[in-house]
Every structure is written in C-alpha cells, then in structure tokens.
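# Architecture and fold: a report
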Amino acid sequence: MYGRRASRLLREITCCEPGQITAFNSDTFEQVCNECNEHHQQLLSLIKKIEDEQLDMETTRNEEHYGAVIHHLSLLRNKRCLMAYMYNRAEIIQSMRWKIGPVLPKEIHEKLNYSEEEYFKNHSTAIESYMSELDLDLTVDMIPPKDPYIQVRVLYDIGDVLLGDHSTSLKQNSVHSLRRTDAEKFISQGLMEEFVG
Amino acid sequence: MARYYDLDDIITEDEGTSVIFQVGANGVGLLDPSSENNNVEKGSKVDLPFWLAHELYLRKAVTINFPACFNQKIRKEIQADAACVDLKIQCPYFYEFGCKIIPLTGDKTLGSFLQYAFTSRYKEALSKSHGAGTSPKFLNRLTIEETHLFEAARCSMINLKKWRLGGCRLEKAAILGRKRKSV
C-alpha cells in the first residue's frame with residue numbers, strides 16, 4: 001500500500017518514550033525517498049499519456065487523470081511523513097542543547113544523522129553567541145532557585161574543576177557545597193545528584 | 001494544515017477505510033490486490049488509507065463505506081458498559097478518526113455517539129489515574145487520546161506529591177536515560 005513505509009517510520013518515534021530519541025533510520029528513510037521518486041516517474045508517464053492523446057490537461061477526467069492524482073497524493077503524503085520525521089527529531093535535538101549542554105554523550109551522538117549533527121552544532125553556536133552578547137548564561141536556573149548554594153554528591157570522578165576563582169577536586173562520593181549555577185550542568189549530565197539530608 | 005507535523009494526526013489518517021471506486025484509475029494496481037492489470041476498475045471495492053480516501057472523495061472519485069469500528073455492534077456495547085469496551089483494538093485513534101470521518105459519511109448520530117462514549121469512559125480513566133496501581137489490562141483498552149489524558153493526570157499527581165514533600169528539584173536530563181551505569 002502507498003505510504004505504508006513512511007508511516008512505519010513515524011510509528012517508530014511514537015513507540016519510544018516521549019522526549020527520547022531513536023536512532024536515525026536511514027534505511028527506511030532512503031526507501032521512502034525512492035518511493036517518492038517512483039511516484040514521480042509514474043506521475044510523469046501518466047501525464048505524458050494524456051498529452052499524447054492530445055487531451056486538455058485541465059479538464060480531462062479519464063483513468064489516467066485519476067491514476068496521476070493518486071500518485072500525486074501519495075507523493076505529498078510521503079513528503080509530509082518525511083518532513084514530520086525530521087521536524088520532530090529536530091525539536092528533541094534543540095531541547096538537548098538546553099538540557100545537556102554543547103557536548104553530546106557518545107550514545108546519543110551515534111543516533112544522529114550527519115545533517116542532524118550539523119544542526120545541533122549550528123543551533124548551539126547560535127545560542128552561545130546570543131548568550132555572550134547578553135553576557136548571561138541562559139541555560140542555568142531553569143528551575144527557580146531557593147538558595148544560591150546547594151549540597152551535591154558526586155556520582156562519578158570528575159577530577160579538578162575550576163569553579164569561580166579556585167579549583168575544586170570532585171571525587172566520587174564526595175559531598176560539596178557548590179554554587180547552584182555551577183552544579184546545575186553536572187546534575188543534568190548525571191554526574192552529580194542533589195544531596196538532601 | 002495547522003497540524004502538518006503532528007505525528008498523531010498523521011498516524012490517525014493512516015487508518016484503513018473501505019471505498020468503492022466511482023471511476024477507473026490507471027497505473028495504480030497496487031491499491032487493488034485483485035486487479036490483474038495495473039489498473040483499478042470502476043466499481044471495485046478497495047481498502048484505502050484515510051488520507052487517500054478523503055482526497056479522492058473530495059474529487060468525487062470514490063464513495064466511502066461506513067467504517068466498521070463505528071457500527072451498531074460497537075454502539076450497543078458502549079451503551080451497555082462504556083468503560084469495559086476495548087476501543088483501542090477497534091481503532092487506536094477512535095475519537096480523532098471519528099471526527100474526521102463524520103463529514104464524509106453524513107451520519108448525524110456519530111458525533112453525539114462519540115461524545116457519549118468519551119464522557120462515560122473519561123470518569124473511570126480519571127479516577128484510575130489517581131489511584132495507586134492500574135492493571136495493564138485497563139490501560140490496553142484505552143485509545144491513544146485517552147492514554148494521553150491518563151498520563152497527563154498521573155504526571156500532574158506525581159508532580160503535586162513531589163512539590164508537597166519537597167526534596168530534589170534538580171534532576172538528570174531525562175533524555176540520558178534513567179538507569180545509572182555501574183562504575
């Protein structure tokens with residue numbers, strides 16, 4: 001059936017948990033693109049038939065016309081599916097810049113298509129240049145803070161990090177009191193957790 | 001075209017609809033498995049996805065048969081005990097698809113039937129979403145639209161509890177996955 005493959009591509013996105021990204025399915029994507037080309041070829045050959053019979057393109061409503069309409073509609077449908085696939089993934093990729101930061105972990109990086117990597121890089125650069133213009137880090141304090149300092153526990157060895165004007169050694173399982181804005185990015189990357197009690 | 005990129009909307013339109021061709025169409029034999037040449041004959045009965053059936057209907061190329069998921073049998077089941085009917089197996093996007101099909105069938109009763117089905121099932125879904133455990137059997141009966149509502153209710157309940165108790169407010173980004181890797 002026409003358009004079946006394209007909708008299978010989209011079902012893949014809806015099946016995984018919201019906000020998660022699936023590996024870019026380049027095989028199916030290619031196949032749908034090829035399907036589009038096939039529809040286009042069929043469409044052209046049907047139109048040619050109408051022209052060969054010297055009929056008026058605009059008013060003719062014969063079998064060829066309806067065949068061409070069906071191919072045209074299938075082409076548009078496939079296009080819509082492909083666009084939606086890219087668009088919905090791009091939304092997630094954008095949100096990753098805000099949640100994880102400018103560097104993506106390897107397991108997510110592997111799931112992206114080449115053009116998506118470029119998109120992420122360019123989006124990231126755009127945000128960074130805007131933030132440096134404002135001289136303000138927009139990605140911190142996404143949740144309104146109650147206190148400028150928080151207690152954190154380090155989950156993985158991070159090593160020596162320059163925070164503010166002095167360097168702190170962030171060893172696994174050590175507990176620190178850090179400025180919230182400094183800790184926030186480590187927490188969202190899963191390297192620290194907020195330490196309560 | 002407001003929902004051009006909407007995944008749910010696209011998948012809803014994938015729902016099969018049985019139609020009868022009022023015209024012939026050449027070069028599209030794939031649509032009709034019984035066709036011997038590459039054409040669909042006038043008068044043949046074919047299952048088309050809704051997106052195609054709808055457009056062809058607007059061009060007066062096909063007539064649409066009333067979809068089986070809204071037949072009298074289902075209506076009677078809904079009237080008997082709405083909450084117990086497995087609507088997902090009938091059609092995963094029962095309400096959305098219903099709304100899309102109304103203008104094409106001219107059935108005046110379908111709209112009020114959908115509303116009746118939704119309101120009588122909504123109460124049950126809402127009270128269950130706030131309760132502790134829900135059987136997967138119940139969740140499987142919900143349509144996709146109902147599942148979205150169910151999840152929204154459950155999520156807001158969890159957030160409310162979290163807000164009341166206090167505790168961690170900063171969390172690891174959800175996209176990185178919940179599992180903590182062993183070191």
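Treat the numbers as computed from the prediction; the structure is a model and nothing was measured. (Residues numbered from 1 in each chain as written. Chains lettered and ligands numbered in written order. Predicted model: local features only at pLDDT ≥ 70, side-chain atom pairs only at ≥ 80, totals over all residues. Heavy atoms only, no water.)

What follows concerns the overall build of chain B. A count of helical and extended segments in chain B gives eight helices and three strands. Of the regular secondary structure in chain B, the N- to C-terminal order runs α-β-β-α-β-α-α-α-α-α-α. Relative to the compact-globule value of 16 Å for 183 residues, chain B shows a C-alpha radius of gyration of 22 Å, a clear excess of over 25%. The C-alpha extent of chain B, read off along each of the three principal axes, is 70 × 45 × 30 Å. When each of the 183 residues of chain B is scored for burial, the buried share is 43%. Within chain B, contacts between residues separated by at least 24 positions form 62% of all contacts whose residues are at least 6 apart in sequence. Total accessible area on chain B stands at roughly 10,500 Å², and carbon and sulfur atoms take up 56% of it. Distance between charge centroids for chain B: 11 Å, based on 26 positive and 21 negative side chains. (Helix = DSSP H or I, 4+ residues; strand = E, 2+ residues; numbered from the N terminus. Rg over C-alpha atoms; globule rule 2.2 N^0.38 Å. Buried < 20%, exposed > 50% of the residue type's maximum accessible area, 1.4 Å probe, protein only. Contact = heavy atoms within 4.5 Å. Areas by Shrake-Rupley, 256 points an atom, 1.4 Å probe, with all protein chains shown as cover. Lys, Arg positive; Asp, Glu negative; His and termini not counted. Charge placed at Lys NZ, Arg CZ, Asp CG, Glu CD.)

Here we take up the sheet that holds strand β3 (residues 62-64) of chain B. All names here are of chain B. Spatial ordering of the open sheet is given by β2-β1-β3, a layout of three strands whose pairing is antiparallel. Edge positions in the sheet fall to β2 (45-49) and β3, since each of these pairs with one other strand and no more. Each strand axis lies, on average, 45° off the axis of its neighbour in the sheet, ignoring direction. With three bridges joining them, strand β1 (residues 16-21) and β3 adopt antiparallel strand pairing. What sits directly across from I20, in β3, is T63. (Pairing = 2+ DSSP bridges. Axes fitted to C-alpha atoms, helices over the stretch in contact; angles between N-to-C directions.)

For the rest of this paragraph, the subject is the confidence of the model for chain A. For chain A, the mean per-residue pLDDT works out to 87, and 99% of the residues sit at or above 70. Mean pLDDT values over the elements of chain A span from 80, in strand β2 (residues 159-163) of chain A, up to 94, in helix α5 (residues 114-134) of chain A. (pLDDT = per-residue confidence, 0-100.)

The next subject is the packing of aromatic side chains. Within this structure, the stated rule accounts for twelve aromatic pairs over all chains. Between the aromatic rings of F118(B) and Y122(B), the centroid separation amounts to 5.6 Å while the plane-to-plane angle is 25°, which identifies the pairing as stacked. Separated by four residues within a single helix, F118(B) and Y122(B) lie in helix α6 (residues 109-130), roughly one turn from each other. Joined through ring pairs, the aromatic side chains of F50(B), F70(B), F94(B), Y95(B), F97(B), F113(B), F118(B) and Y122(B) make up one cluster. Over the face of the ring belonging to F186(A) we find K185(A), whose NZ or CZ atom lies 5.3 Å from the ring centre. The ring of F113(B) carries R75(B) above its face, with NZ or CZ at 5.1 Å from the centroid. (Phe/Tyr/Trp six-rings, centres within 6.5 Å; stacked < 30°, edge-to-face > 60°. Lys NZ or Arg CZ within 6 Å of the ring centre and 35° of its normal.)

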